[in-house]
Amino acid sequence: MPPMKRFVTIVGVVAIVLAVTWFWLGHSKAPTTQQTATTTSPSSQQTSTKTTATFNKTRYSLTQPTSIWVIVNKQHPLQPKTYVPSDLVLPDVTQRVPGTTEMKLRKAAAVALEKMFAAAAKQNINLLVSTAYRGYSYQATLYNGYVARQGKAVADTQSARPGYSEHQTGWAVDIRAQSGKCPVEQCFGNLPEGKWLAANAYKYGFLLRYPEGKQKITGYEYEPWHFRYIGTYLSKEMHRTGTETMEEFFDVSGGTSY
Ligand SMILES: [Zn+2]
């Protein structure tokens, strides 16, 4: 082989070796990247599992009137005070005054209430809606009636001022026994209906909003008939941790004075 030809052959062979090496490296890099990705994903999954296990207290607003976690008490009126929910519906359950605005709830609460009443009925617990939604002007009429009859100081212990009632959110409902016993009275808590609700409401996203002995926190005496829809994410967490009030759970001010 002449020297020139030999040189070309060597260059050719080297070029082929280089090309093969480059090709092999290029392809062998891909699995390495995949390995890295595979190693990363279990750890990021672990992180997201941890996040899920930790309850997220900022998932919903505590101040927006439309929020399922909005806290309404004597320190925290609805903003604006004349707020009207946009999706009020009649729940398909037994109603004290069928078809009236007072029987309405916001859609999500109405659906949950239907499930809860149906589950109760299977255990011979027969419930009805006493009052659900109350608008600003209706609450004003109620409150002013109390003021006219008994004066402001007494009125404030018996009726919420307009703009300060949880019933105005469309998330609250007063429940009665179909038997008619203890209507909106504390003895409702001792009836099978009151006991069933106290024990099971959390499974459907409801909270006994004014429990016994928490007046200094909630601003209201024990109301075993008043339930507030907060969704199961929160109701189950409050049940799990044994926290009775929203004020305590979120560390938000409340109390009996405006
Ligand atoms: Zn109520």
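Scroll up a little and you will see the structure.
Residues numbered from 1 in each chain as written. Predicted model: local features only at pLDDT ≥ 70, side-chain atom pairs only at ≥ 80, totals over all residues. Heavy atoms only, no water.

Engineer: Looking at this structure, how should I read the overall build of the chain?
Structural biologist: A count of helical and extended segments in the chain gives eight helices and six strands. Secondary structure elements of the chain, listed N to C terminal, follow the sequence α-β-β-α-β-α-α-β-α-β-α-β-α-α. Counting all 258 residues of the chain, 40% fall into the buried class. Taking contacts inside the chain between residues at least 6 apart in sequence as the whole, the part at least 24 apart equals 65%. Total accessible area on the chain stands at roughly 14,500 Å², and carbon and sulfur atoms take up 57% of it. (Helix = DSSP H or I, 4+ residues; strand = E, 2+ residues; numbered from the N terminus. Buried < 20%, exposed > 50% of the residue type's maximum accessible area, 1.4 Å probe, protein only. Contact = heavy atoms within 4.5 Å. Areas by Shrake-Rupley, 256 points an atom, 1.4 Å probe, with all protein chains shown as cover.)

Engineer: Would you mind showing me how to read the packing of aromatic side chains here?
Structural biologist: To describe a pair of aromatic rings, one takes the distance between the centres and the angle between the planes. On inspection of all chains with the given rule, the structure shows 12 aromatic pairs. With 5.5 Å between their ring centres and 90° between their planes, Phe 55 and Phe 249 make a pair best called edge-to-face. A residue pair is termed long-range when its members are at least 10 positions apart, and Phe 55 in the loop between α1 (3-53) and β1 (88-89) and Phe 249 in helix α8 (residues 246-250) qualify at 194 residues. There is no split in this pair, since Phe 55 and Phe 249 are both buried. Seen from their ring centres, Trp 171 and Tyr 229 are 5.7 Å apart, and the 40° between their planes marks the pair as tilted. Note that Trp 171 is positioned in the loop between α4 (152-158) and β4 (172-177) and Tyr 229 in strand β6 (residues 226-229), a separation of 58 residues in sequence. The buried category is assigned to Trp 171, whose relative accessible area is 3%. Looking at Tyr 229, the relative accessible area reads 12%, which means it is buried. An aromatic cluster is defined as three or more aromatic residues linked by ring pairs; in this entry it consists of Phe 55, Tyr 60, Trp 69, Tyr 233, Phe 249 and Phe 250. (Phe/Tyr/Trp six-rings, centres within 6.5 Å; stacked < 30°, edge-to-face > 60°.)

Engineer: Honestly, the pairing of β4 in this entry has me stumped. Any pointers?
Structural biologist: As a general feature of sheets, a regular strand has side chains that alternate between the two faces. Counting buried positions along β4 yields five of six residues, so the element is predominantly enclosed. In this sheet, β4 lies alongside strand β3 (residues 127-131) in antiparallel orientation, the contact comprising four bridges. Among the inter-strand pairings, Thr 131 is bridged to a residue of β4, identified as Asp 174. (Pairing = 2+ DSSP bridges.)

Engineer: For this particular structure, what's the right way to read the coordination of the zinc ion?
Structural biologist: Four donors placed tetrahedrally around a metal ideally meet at 109.5 degrees, and six donors placed octahedrally ideally meet at 90 or 180 degrees. Coordination of the zinc ion by the protein is provided by His 167 (NE2), Asp 174 (OD) and His 226 (ND1), with metal-donor distances spanning 2.0 to 2.1 Å. The sequence pattern describing where the donors of the zinc ion fall on their chain is H-x6-D-x51-H. Of this pair, Asp 174 sits in strand β4 while His 226 sits in strand β6, placing them 52 residues apart in sequence. Taking relative accessible area as the criterion, His 226 reaches 3% and is therefore assigned buried. (Donors = N, O, S within 2.8 Å, 3.2 Å for Na, K, Ca; no water.)

Engineer: Mind showing me how you'd approach the state of the cysteines here?
Structural biologist: Disulfides are covalent bonds that connect the sulfur atoms of two cysteines. In the structure shown here, the tally under the stated rule is one disulfide. With its sulfur 2.0 Å from that of its partner, Cys 182 forms a disulfide with Cys 187. As the torsion about the S-S bond is roughly -120°, the Cys 182-Cys 187 disulfide counts as left-handed. (Disulfide = S-S within 2.5 Å.)

Engineer: In this structure, what is going on with the nonpolar core? I would like to understand it.
Structural biologist: Among soluble globular proteins, nonpolar side chains are generally buried collectively. Leu 113, Met 116, Val 173, Ile 175, Phe 206 and Leu 234 are the most contacted members of the largest nonpolar core, which totals 45 residues. Only α2 (107-122), β3, β4, α5 (192-200), β5 (206-208), β6, α7 (232-241) and α8 provide two or more residues apiece to this core. For this core, the element with the highest residue contribution is α2, accounting for eight residues. Sequence-distant contacts of Phe 206, defined by excluding residues within four places in its chain, comprise Ala 109, Ala 112, Leu 113, Met 116, Val 173, Ala 201, Phe 227, Arg 228, Tyr 229 and Ser 235. (Core = buried A, V, L, I, M, F, W, Y, C linked by side-chain atoms within 4.5 Å.)

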